[in-house]
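Each chain, written out:
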Amino acid sequence: MGTFKIEGGHQLKGSIRPQGAKNEALQILCAVLLTPERVTIHNIPDIIDVNKLIGLLQKLGVKTEKLAEGTYTFQADNVNLKYLESPEFKEDGKGLRGSIMIVGPLLARFGRGYIPKPGGDKIGRRRLDTHFEGLIKLGAKFRYSKEEQFYGVEADTLKGTYMLLEEASVTGTANILMAAVLAKGQTTIYNAACEPYLQQLCKMLNRMGAKISGVGSNMLIIDGVESLGGTEHTMLPDMIEIGSWIGLAAMTKSELTITNVSWDDLGIIPNVFRKLGITVEKQGDNIHIPAHTDGYEIQSFIDGSILTISDAPWPGFTPDLLSIILVVATQARGSVLVHQKMFESRLFFVDKLIDMGAKIILCDPHRATVIGHDFKSTLKATTMTSPDIRAGVSLLIAALSAKGTSTIMNIEQIDRGYENIDERLRAIGARIERVQ
């Protein structure tokens, strides 16, 4: 189990470029299964979860070639469907939640798709009902082995239909969308997820020959086509990483420039950080964060009541950044209520921040109230374990601001979502060491 040793309390300075978006990569990589033609993808992040999915595709028989750093070609012209029912696949598919999105493309192109119950972060229940209910409405037959925890869908023909999703699931929308593009007739997906990464998937599929309208809205209309062709695609920068670096700059009173952020795709993220009193400056397609030497002050609502920051489906605030918001608030002037609506276990890392001296009241599994220190009392170094990707990075930011040397164990969780994070942080002055 890997470990980071972090000497905190130092200002950072310089520029940092965000990696390609992890959540987009998991969708886009699964989409290569929809065509026998070559697909070239740029800006693929070199992180554990994405590399696991690439490995899974290779075992499925997808030809892959690395052309340059972050650029690969994929060609699924000889897919090995027998692998799907092998003991090896039942083990390989468990460790990555994004693997669920191979089911829709496989069902659409080959008439069957299987997946073991996927793992991933322990952040609460994340149901698969939306995925399979949508595929069933397209005409698939569903089966599930409780003993093996193995899911399957099969269909001779998929037929377009109207569906109203129970939840605006991003991965669920992606899975159903990828099945619907090859279904016969027209499919309407209402209450569809509409975040930028899903829009990117729609644009890529349209370039491959799909007919998808309503891109960017919560109603997608798909006219099925007979087949799809190859294409070239460049992934967006990772908005979660961008938010992480904003929080890092504020907590360490550092002047940082985050480059090539694709401002138009950040939604309300910059404004939410501004509500915490953080100066977020737009410089072309970069974000500049000046050194907050005098700290930062949390705004109140118009009527003077305590600010509440909560997550919601896009264009609301992404749940993946609430842990960053919570950490940043520990050194602000003022108080904020953080309301994590979507996952009931994602705030359970706050005990580690409390051990570091933060003033946090965990109201229930979904809500925490943070009383900021205004840097009058710095966080104290400690030893802790990363519980999941986002909490792990939040604890890393806390450690970089804390007085003394902290140890974070189980850093494989952080590596699942952040590319060479220690090297990139050292490049801007962080004192962080990876200990195997």
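My aim in this report is to walk through the structure given alongside it, one point at a time. (Residues numbered from 1 in each chain as written. Predicted model: local features only at pLDDT ≥ 70, side-chain atom pairs only at ≥ 80, totals over all residues. Heavy atoms only, no water.)

Along the polypeptide, proline 290 turns up in the loop between strand E16 (286-289) and strand E17 (307-310). Given a relative accessible area of 21%, proline 290 falls into the partly exposed group. Sequence-wise, proline 290 and alanine 249 are 41 residues apart; in three dimensions their C-alpha atoms are separated by 8.1 Å. Non-local contacts of proline 290, meaning those with residues more than four positions away in its chain, are made with Ser254, Glu255, Thr279 and Glu281. (Helix = DSSP H or I, 4+ residues; strand = E, 2+ residues; numbered from the N terminus. Buried < 20%, exposed > 50% of the residue type's maximum accessible area, 1.4 Å probe, protein only. Contact = heavy atoms within 4.5 Å.)

With that settled, the discussion passes to the nonpolar core. With 78 residues, the main nonpolar core has Ile278, Ile287, Leu326, Leu353, Ile408 and Leu425 as its most contacted residues. Not counting chain neighbours up to four residues away, the residues in contact with isoleucine 287 comprise Ile242, Ile246, Leu256, Thr257, Ile258, Val261, Trp263, Leu266, Val280 and Glu281. With 74 residues, the next largest nonpolar core counts Leu33, Ile100, Tyr114 and Leu138 among its residues. (Core = buried A, V, L, I, M, F, W, Y, C linked by side-chain atoms within 4.5 Å.)

The terminal C-alpha atoms of helix H12 (residues 389-401), which comprises 13 residues, lie 19 Å apart, in line with the 18 Å expected from a rise of 1.5 Å per residue. One side-chain oxygen of the residue at the start of H12 lies 3.1 Å from the amide nitrogen of arginine 390, identifying that residue as aspartate 388. (Expected span 1.5 Å × (residues − 1). Polar contact = N/O pair within 3.5 Å; in protein donor to acceptor, adjacent residues only side chain to side chain.)

The next thing to look at is the sheet that holds strand E1 (residues 3-7). Strand order in this open sheet of 4 strands is E21-E22-E1-E23, and the pairing throughout is mixed. Looking at strand neighbours, the two that pair on one side only are strand E21 (383-385) and strand E23 (431-435), the edges of this open sheet. When the angles between neighbouring strand axes are averaged without regard to direction, this sheet yields 20°. Alignment of E1 against E23, held across 5 bridges, turns out to be antiparallel. If you follow phenylalanine 4 over to E23, its bridge partner there is arginine 434. (Pairing = 2+ DSSP bridges. Axes fitted to C-alpha atoms, helices over the stretch in contact; angles between N-to-C directions.)

Pairing between side chains of opposite charge can happen when the charged atoms of each approach one another. Summed over the entire model, instances satisfying the criterion amount to 19 salt bridges. With a closest N to O distance of 3.2 Å, glutamate 85 and arginine 112 form a salt bridge. Taken together, the residues glutamate 85 in the loop between strand E5 (71-75) and helix H3 (87-92) and arginine 112 in strand E6 (residues 112-116) connect sequence positions 27 residues apart. A network of salt bridges, in which partner residues are shared, links Asp415, Asp422, Arg426 and Arg434. (Salt bridge = Lys/Arg side-chain N within 4 Å of Asp/Glu carboxyl O.)

For the rest of this paragraph, the subject is the sheet that holds strand E20 (residues 367-371). The 4 strands are arranged E17-E18-E20-E19 in an open sheet whose pairing can be described as mixed. Each of the sheet's edge strands pairs with one partner strand only, and the pair in question is E17 and strand E19 (359-364). Between one strand and the next, the sheet's axes are offset by a mean angle of 20°, whatever the strand orientation. Summarising the sheet, E19 and E20 pair through 5 bridges and their orientation is antiparallel. By the bridge assignment, isoleucine 361 is partnered in E20 with threonine 369.

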